[in-house]
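Spelled out from the first residue to the last, the chains are:
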Amino acid sequence: MNLQKKVFITAISFLLISGIFAFISLYIVSEVNETTTELDSAVAIAVKSVSLDHLFINYYIDRSEKTRQAWLKNYQDLSRIISLAKFDQQEERDLLKSAAGSCARIGQLYQVFSLSQDRAHALAVVEESRKIIVSAFKLRQSNARYMITLHKNSMMFVILAVVIVVVILAGNLFLIIFRIVRPVIELSKGVELVGSGDLDYRAGNLADDEIGNLARVFDAMTDNLQKSALRHRTILRSVVDGFCIVDVEGRFSEVSKSLSSMTGYTEQELLTMRLRDLEGHQSRTSVMACFKDVLAGDPVCYELQYQRKDGTVVDLETSVQNLQDEEKLVIFFHDITVRKKNERELSDYRLHLEAMVKERTQALEEANKELVRLSQVKSDFVSMVSHELRTPLTPIREAMSLMYDGIAGEVSEKQRHFLDIGLRNIDRLSRLINDLLDISRIEAGRLDLVFEPFDIAEIVKSAAATFALLAEKKGLNLSFGECVVSALVHGDKDKTAEVFANLLGNAIKFTEKGSITLCAKEKPGFVECSVADTGKGISPQNLDRLFQKFEQFNRSVADGEKGTGLGLAISKGIIEAQGGRIWVQSIMDKGSVFFFTIPLYNGEGDKKEAV
Amino acid sequence: MKILVIDDEHDILDTVSARLTAGGYAVVTADTGEGGFAKAVAEKPDLILLDVMLPDIDGGMVASKLRANAVTRKIPVVFLTCIVSGKEMEGREKIGGNFFIAKPFKGDELLAKVQEILEE
């Protein structure tokens, strides 16, 4: 049964009791009224009958008219009162009847007396009036007795009513106390307990009413709270990071197991300590310094060093937050000792590396200086070679040439043959020196080129003309013209001619039969020149090495001038210094085609010098 | 026709002289720059073959002096040089040397060049 029903039933029973009580009260009041009226009548009868008796005696003595009149009036009043009076009780009605009879008889006796004046009649009147007085006093007595009974009864009723009301009130009070107030007090105690953190409290299985429901809901809530708290605690405990709660003074009010293992102090020890005790003496920043800021809702994060119980130092990343609505801080500690150690090692390593690099750089700078010096030495050597080697060659060659030409006298055929051998080898030596000079200049990046615009066709034709005789001697068909365009290119004219001569010379030298074709085609931004032969070709493995120094293939070629092995390397250097490209395509036993490019003249009159 | 050859190498002087003489020219020689300049002023040759690298003053300087002197100003000068780089030759041209023959030269080529210049 729920509380609402209980209250309803209590109210109904209250109403019923009140109704009964009111009804009884009304009854008592009417009964009292009635009795009072009866009492009044009885008193009036008594008074009148006494007065009548008194008046008759007076009249018997004085016989005055006045007294007789008074007696008559009194008699009429008494007769009226008796006739009007009403009584409930049978005894009272009998008394009234006898009083009425006496009264009637007094009337008759009075008539007789007034006529006879007989004493006997007079005595009879007095006797009758005394009977009325007696009846009236008896009536009053009976009435008074009833009044007393009534009074007693009403007193009893009042007491009974009070008792009933008290009982009902007490019952209700009990109900209220036991069913409502007590459980509420219990529950509020429970709420207080739970509020203060005792999550083990349960209201228990209470009555099946609203408060019982409230208690059950509250228990369920506490259950959830406990589970949640347990979960949080489990999570916090299982977290590797340490945490604690500190108050304004920096005292620990809660610490985690992990913090205790981080610091080496037990949880109990920590709870008697302050945060400052862990921060060590040399610590620059104290978390407590930022207490106010954090409370204002400004969380901070530091990387701090803490002193363990054993005196060793740990690096802990410390993040501080406020605990809502409390003058406390929640501090989380993350162990970054390893990271810090690594950082320090890395830093040391970096410094070491920097020192090494510096050392190395210095060594390299010195080496570079040495290289520059060596380069200068080489360059000096090259110019020494160019001058000192060529200077004696000139008179040697000229002296032999003079003899060969017969200027110094007659020369026999045999002498001329040997002089020819000498002259040819002097020329070869001279070429070798020139080539060496060129290649060393190319390598030193000091090939001096005179850039000017010139017509590529002119160079092709001039080269063809130079080699026409040689080609003809070998029975080779030297063709050019159809695919040679007339275009202004930008480069060193003499050096370009040298490249053409070199390629054309090689082509003729290494081709036994067939033809040599010269081409110069205009492409976007440059002219592509080519020298194609029908020689035996170059094997793929040799193609790669072709443009390197001192690489000579087909050394078996007997006739013509011996090469220096530098021609293609020099050609490559010249072409690349002019901003072009040189390459070769070859098929064994079919022939080779050498290509190179020269940039087109773009109209600018500047003399660009390639390095 | 008279040709002055200035070179510090006596072997070159001998062979060039022999070649030029065979070619029908009168030859005067000098083995220093200053000496060569003095010979040029004194002999007034039709052409001067001038070595670039000389022990006292270099060929360029001699050429400058020749160009500055009224007597020798118009005599064509042919540089005999080991320096074959175009850039360096350009520099010489500015000083006033008219022609170049690169060492080592061939006697007949030298003779042909000399004939060509004198014919102009």
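All values derive from a computational prediction rather than experimental measurement.

Basis of the calculations
Residues numbered from 1 in each chain as written. Chains lettered and ligands numbered in written order. Predicted model: local features only at pLDDT ≥ 70, side-chain atom pairs only at ≥ 80, totals over all residues. Helix = DSSP H or I, 4+ residues; strand = E, 2+ residues; numbered from the N terminus. Buried ≥ 20, exposed ≤ 12 C-beta atoms within 10 Å, placed from the backbone. Contact = placed C-beta atoms within 7 Å. Core = buried A, V, L, I, M, F, W, Y, C linked by C-beta atoms within 7 Å. Pairing = 2+ DSSP bridges. Axes fitted to C-alpha atoms, helices over the stretch in contact; angles between N-to-C directions. Parallel < 35°, antiparallel > 145°, perpendicular 65-115°, else oblique. Left-handed = near helix turned anticlockwise from the far one by under 90°. pLDDT = per-residue confidence, 0-100.

**Focus on the overall build of chain A**
On a plain count of helices and strands, chain A comes out with 15 helices and 12 strands. The buried share of chain A, taken over its 611 residues, is 24%. Summarising the internal contacts of chain A: among those between residues at least 6 apart in sequence, 63% fall at separations of at least 24.

**Some words on the nonpolar core**
Side chains that are nonpolar tend, in soluble globular proteins, to be buried together. Residues and elements named next belong to chain A. I456, V460, L504 and V531 are the most contacted members of the largest nonpolar core, which has 40 residues in total. Those residues in contact with I456 that sit more than four places away from it in its chain are A487, V489, A520, V527, C529 and I598. Core analysis: the next-biggest nonpolar cluster, separate from the first, contains 27 residues, F56, Y75, L78 and L139 among them.

**Structural notes on the sheet that holds strand β10 (residues 526-533) of chain A**
Residues and elements named next belong to chain A. Across the sheet, five strands lie side by side as β7-β9-β10-β12-β11; this open sheet has mixed pairing. Of all the strands in the sheet, just β7 (477-479) and β11 (582-587) have a single pairing partner and so form its edges. Looking at each pair of strands side by side, their axes are set apart by 15° on average, direction ignored. Relative to strand β12 (residues 591-599), β10 runs antiparallel, the two sharing seven bridges. Bridging from a neighbouring strand, S530 pairs with F595 of β12. Where helix α12 (residues 456-474) meets the sheet, its contacts fall on β7, β9 (515-523), β10 and β12, and the angle it forms with β9 comes to roughly 175°.

**Observations concerning the pairing of strand β5 (residues 329-335) of chain A**
All names here are of chain A. Both strand β1 (residues 242-246) and β5 contribute to a ladder of five bridges, which runs antiparallel. By the bridge assignment, V246 is partnered in β5 with L329. Relative to β5, strand β4 (residues 313-322) runs antiparallel, the two sharing seven bridges. By the bridge assignment for β5, N322 is matched with L329. Connecting β4 to the next strand, β5, in antiparallel fashion are six residues, including D325 with a positive phi near 65°.

**Digging into the packing of helix α2 (residues 33-43) of chain B against helix α3 (residues 59-68) of chain B**
Residue and element names in this part refer to chain B. Across the interface, α2 lies against α3 with an axial gap of 10 Å and an inter-helix angle of 25°. By the angle between their directions, the pair α2 and α3 is classed as roughly parallel. Regarding α2 and α3, the two cross each other, and that crossing is right-handed. Here α2 contributes G33, G36, F37 and A40 to the contact with α3, which in turn contributes M61, V62, K65 and L66.

**Considerations on the confidence of the model for chain B**
When pLDDT is averaged along chain B, the result is 83; 86% of the residues meet or exceed 70. What the predictor reports for the complex is a pTM of 0.44 with an ipTM of 0.76.

**Remarks on the sheet that holds strand β3 (residues 300-307) of chain A**
All names here are of chain A. Sheet architecture is open: five strands sit in the order β2-β1-β5-β4-β3, paired in antiparallel fashion. Edge positions in the open sheet fall to β2 (252-255) and β3, since each of these has one partner strand only. Recorded for the sheet is a direction-independent mean angle of 30° between the axes of neighbouring strands.

**Regarding unusual backbone geometry**
The backbone phi angle of D589(A) is positive, close to 65°, even though this residue is not glycine. With respect to the helices, strands and loops of the structure, D589(A) is situated in the loop between β11 and β12. You can call D589(A) exposed: it has 8 C-beta atoms within 10 Å. Phi angles above zero are rare outside glycine, and K44(B) is one such case at about 50°. As for its placement among the helices and strands, K44(B) is situated in the loop between α2 and β3 (47-51).

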